[in-house]
Every structure is written in C-alpha cells, then in structure tokens.
Amino acid sequence: MKAIGYKHAHAISENKLVDIELPAPVASGHDLLVEVKAISVNPVDTKIRNNVSAADNGYKVLGWDAVAVVKAVGEKVSLFQPGDRVWYAGDISRSGSNAELQLVDERIVGFAPDSLTDAEAAALPLTAITAWEMLFDRLQIQPGKQHSGQSVLIIGAAGGVGSILVQLVRKLTAATVIGTASRPETQTWLTQLGAHHVIDHSQSLSQQLKQLGIGQVSHVISLNNSSEHYAEIIESLQPQGKFGLIDDPESLDATKLKRKSLSLHWELMFTRSLYQTDDMIAQHRLLNEIARLIDDGILVTTVGSHFGRINAENLYRAHQLLESQKARGKIVLEGF
C-alpha cells in the first residue's frame, strides 16, 4: 500500500517526509481495516514529526483524521461491516492515516455524515472530539439553551479546534462565546461561525473584555501559546472559574490559580484510546452525534484549505502552514 512516512524526527526545514510502500495490515479483534479516502492535518502531526523517530529502522506514519471505507473487520467487531463509510481520529500510539490502508479500533470510529464530501468530513474528527470532550467532559458545561450566565473565552479560536468549539458553544449551549483572532480574515471567519464577540489575542484580553462590557468570564479555553497568555487568563476569569487548555506549555505556576479558586483542566483526545478506558466507546457515540448535527444543518465543516492529493509533497506544505500558525480552519488532502 502507498503511505507517507519518515525515519528520523526532524524539523520541517529538513523535509524528510517521503512516499513509501508498506505491507497491507490485517484486521483482528476490535479492529477495522479501512481504505483511507481523505485526511486532514493537525498540530499533533508536526509535534510528533519534530520529536518522535520511527522504531526498528522502519517508517513512522503520521495522520490522525480520516474518512474511509471499511474493507474488513476483526472477529470481535460488532458496530460496522465492510462497505460502511466512516470517520475517526484514531490512536496516537498506532500507525496513522497517511496511508491507503489503516487499522483502527471500532470503539473510536463513527459513521461519517452523509451530507459532507470525504474532504469536508475529514476536517472534523480530531477537532470535534477535542472540542466536545473539553466542553462537556472536562469543563462540564451543560448543553441546553436555558439561561446559564456562562461565558467562554476561546484563545486561538480560528484554528481547527477553535472553529468547532465556537460552533458547539453557540449552537448547543446558552453561553456567550468570545473568540480571539489577530487578523481581519480570521476575525471574520469566527463571526461567520457564530462567535458573539471577537477580540485580538495580540492585545490585552482583560482590557478588551472590559471594553465589551463583559468584564470577567466563567470559562477560558486556550488552544495555543497558553504560557504567553497565562497572566491575562487569570485576570480575565471570574472567581471559581475554569481554565482548560490543549497545548504544551513548558510550565505553569498553578499556585497563581489559588486566590480565585480557579480550576485547571487539560484535554487530550487520545487519552481514552491510549489507556483503553472503560468509556472508550464514548468517542464512537460522540462522532455519531456530531455527524447527526452536521446532517441536520446545525454544525458546518471547518475546512480552510484543500491541498490536493495525499502525498509527501502536499503533506510537507500542510506542515509548513500549520507551523506558521496562520492556518484558518483545517487543511485537508484527498486520494492517493
């Protein structure tokens, strides 16, 4: 099968992604063998490429977002059958979706939305799982349109996770959503996605919130540069507020949260699959619910750029754009 991989961890400037041929895997247990149709690229791809080399002189295959068709199933599979069109983010400890064929556990796979093309749907699994788990599992924001008085500030909201977070808060909760973006085109994007307010994260967050008449917010979700914004995050949160993040700051002084009794919540959507948690199937159900919301017209795809076919050259371009932190929405690729 065709795949894109690399042998040694490297900076993108070294450009060691290569087109390769690998043996086709075989499904067993709870695994589906799927034929990948479209993928998207996430910051996790660039982080792993920078830091993780292939094992045993083989190739490391990245990719944790895909739309695919089930080709074969393991003997324990009960949720899917060959021919089903599916979507998933996968498991960070296994070989990824930058390949024609892939094994993925059925419990973290959902049925792809009928109303989206393969490329449109591929933009969503990882970010939708991350956003959903952050809002409803980690921060325990209650869905529903009854007045809550809650307000959610999303820092770096124009990227992949932010683009679906804005929609989930606006469409499924009664909370006020404030997104941050620093460029006119990304600010317009957030408004189109449903943000009540858009502010500039290159300026003081707390001062801009005061100028809006909001003052302090009940929740902050930081998607990048959390350490840079940390003091402003604390200033912007109400007493007993909640702070969630997904990035990897080298350190955060948690004692600074004490005076306001603020709580800290980290989200990694791979936790359930990495630890084979008892509620691992929650991601199957979550993806099916997201597909229903899309097919009902409540949520929309977050595709920002289509980079063409799935090959080393186009993935290199996608990694470059992601590392520039100038991507709007998601970068997708389609076909081999």
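Everything numeric in this text was worked out from a predicted model, so none of it was measured.

Visitor: Outline the packing of aromatic side chains, listing residues and values.
Guide: This model, assessed by the stated rule, comprises 4 aromatic pairs. Measuring from centroid to centroid gives 4.7 Å for Phe80 and Phe111, while their planes differ by 50°, and the two rings are tilted. Note that Phe80 is positioned in the loop between β4 (66-73) and β5 (85-88) and Phe111 in strand β7 (residues 109-111), a separation of 31 residues in sequence. Of the residues examined, Phe111 reaches a relative accessible area of 34% and is grouped as partly exposed. Ring centres of Tyr230 and Phe243 lie 6.1 Å apart, and the angle between their planes is 40°; this geometry places the pair in the tilted category.

Visitor: Before we move on, could you go through the sheet that holds strand β9 (residues 176-180) and cite the residues and values that matter?
Guide: In a beta sheet, neighbouring strands pair by backbone hydrogen bonds and run either parallel or antiparallel. One open sheet holds the 6 strands; their spatial order is β10-β9-β8-β11-β12-β13, and the pairing between them is parallel. Each edge of the sheet is formed by a strand with only one pairing partner; in this case those strands are β10 (197-199) and β13 (263-266). When the angles between neighbouring strand axes are averaged without regard to direction, this sheet yields 20°. Packed onto the sheet, helix α3 (residues 125-138) meets β11 (217-222), β12 (237-245) and β13 and runs at close to 145° relative to β13.

Visitor: Quick rundown of the pairing of strand β8 (residues 151-155)? Include the residues and the values.
Guide: Most of β8 is tucked away, with 5 of its 5 residues classed as buried. The two faces of β8 match: Ser151, Leu153 and Ile155 on one face and Val152 and Ile154 on the other face are all buried. Here 4 bridges tie β8 to β9, and the two strands are oriented parallel to one another. Residue pairing across strands places Ser151 opposite Thr176, the latter belonging to β9. Viewed along the sheet, the connection from β8 through helix α4 (residues 160-172) into β9 turns out right-handed. In this sheet, β11 lies alongside β8 in parallel orientation, the contact comprising 4 bridges. Within β11, the residue paired with Ile154 across the bridge is Ile221.

Visitor: Got a sec to walk through the side chain of His10? Specific residues and values, please.
Guide: By secondary structure assignment, the location of His10 is in the loop between β1 (2-5) and β2 (18-21). A distance of 2.9 Å separates a polar side-chain atom of His10 from the backbone oxygen of His8. Setting aside anything within four residues of it in sequence, one finds His10 in contact with Asn15, Lys16, Leu17, Arg49 and Asn50.

Visitor: Just give me the short version of the pairing of strand β3 (residues 31-41), but keep the residues and values in it.
Guide: With 9 of 11 residues buried, β3 lies mostly within the body of the structure. Taken together, the 5 bridges between β3 and strand β6 (residues 101-105) define a ladder with antiparallel strand orientation. By the bridge assignment, Val34 is partnered in β6 with Gln102. Pairing geometry for β3 and β4, over 7 bridges, is antiparallel. Each bridged residue has a counterpart across the sheet, and for Val34 the counterpart in β4 is Val70.

Visitor: Help me get a handle on the packing of α3 against α4, residues and values and all.
Guide: Where α3 contacts α4, the axes come no closer than 8 Å and their chain directions differ by 50°. Between α3 and α4, the angle falls in the class oblique. Along this stretch, α3 crosses α4, giving a crossing that reads as right-handed. Of the residues in α4, those in contact with Thr127, Ala128, Thr130, Ala131, Trp132, Leu135 and Phe136 of α3 are Gly160, Val161, Ile164, Leu165, Leu168, Val169 and Leu172. Each residue belonging to the contact of α3 with α4 can be placed in one class, and the counts come to 11 nonpolar, 3 polar and no charged.

Here is what the cut-offs are and how they apply
- Just so you know, the residues in each chain are numbered from 1, in the order the chain's sequence is written.
- Where totals are concerned, whole chains, interfaces and linings use all residues; where local detail is concerned, this predicted model gives features only for residues with pLDDT of at least 70, and gives and counts side-chain atom pairs only at 80 or more.
- Values reported for side chains reflect all heavy atoms of the structure, with hydrogen atoms and water molecules removed beforehand.
- Only Phe, Tyr and Trp rings are paired, with Trp represented by its six-membered ring, and only when their centres lie within 6.5 Å; those with planes under 30 degrees apart are stacked, over 60 edge-to-face, the remainder tilted.
- Only DSSP runs of H or I reaching four residues or more are called helices, and only runs of E reaching two or more are called strands; each is numbered from the N terminus.
- Per-residue accessibility, obtained with a 1.4 Å probe over protein chains only, is compared with the maximum for each type, and a residue is labelled buried under 20%, exposed over 50%, and partly exposed between these values.
- Pairing between two strands requires that DSSP report at least two bridges joining them.
- Each axis is a line fitted through C-alpha atoms, and for a helix only the stretch in contact is used; angles between axes span 0 to 180 degrees, taken between their N-to-C directions.
- Residue contacts are counted whenever heavy atoms from the two residues lie within 4.5 Å of one another.
- Handedness of a crossover is defined as follows: orient the strands so they point away from the viewer, and if the path from the first strand over the helix to the second runs clockwise, the crossover is right-handed.
- Two N or O atoms form a polar contact when they lie within 3.5 Å of each other; inside protein one atom must be a possible hydrogen donor and the other a possible acceptor, and for residues adjacent in sequence the pair counts only when both atoms belong to side chains.
- Small angles under 35 degrees read as roughly parallel and large ones over 145 as roughly antiparallel, with 65 to 115 read as roughly perpendicular and the rest as oblique.
- Crossing chirality is assigned from the near helix's rotation relative to the far helix, an anticlockwise turn below a right angle marking it left-handed and a clockwise turn marking it right-handed.
- Residue polarity is assigned by list, with Asp, Glu, Lys and Arg as charged and Ala, Val, Leu, Ile, Met, Phe, Trp, Tyr, Cys and Pro as nonpolar; anything else, Gly included, falls into the polar class.

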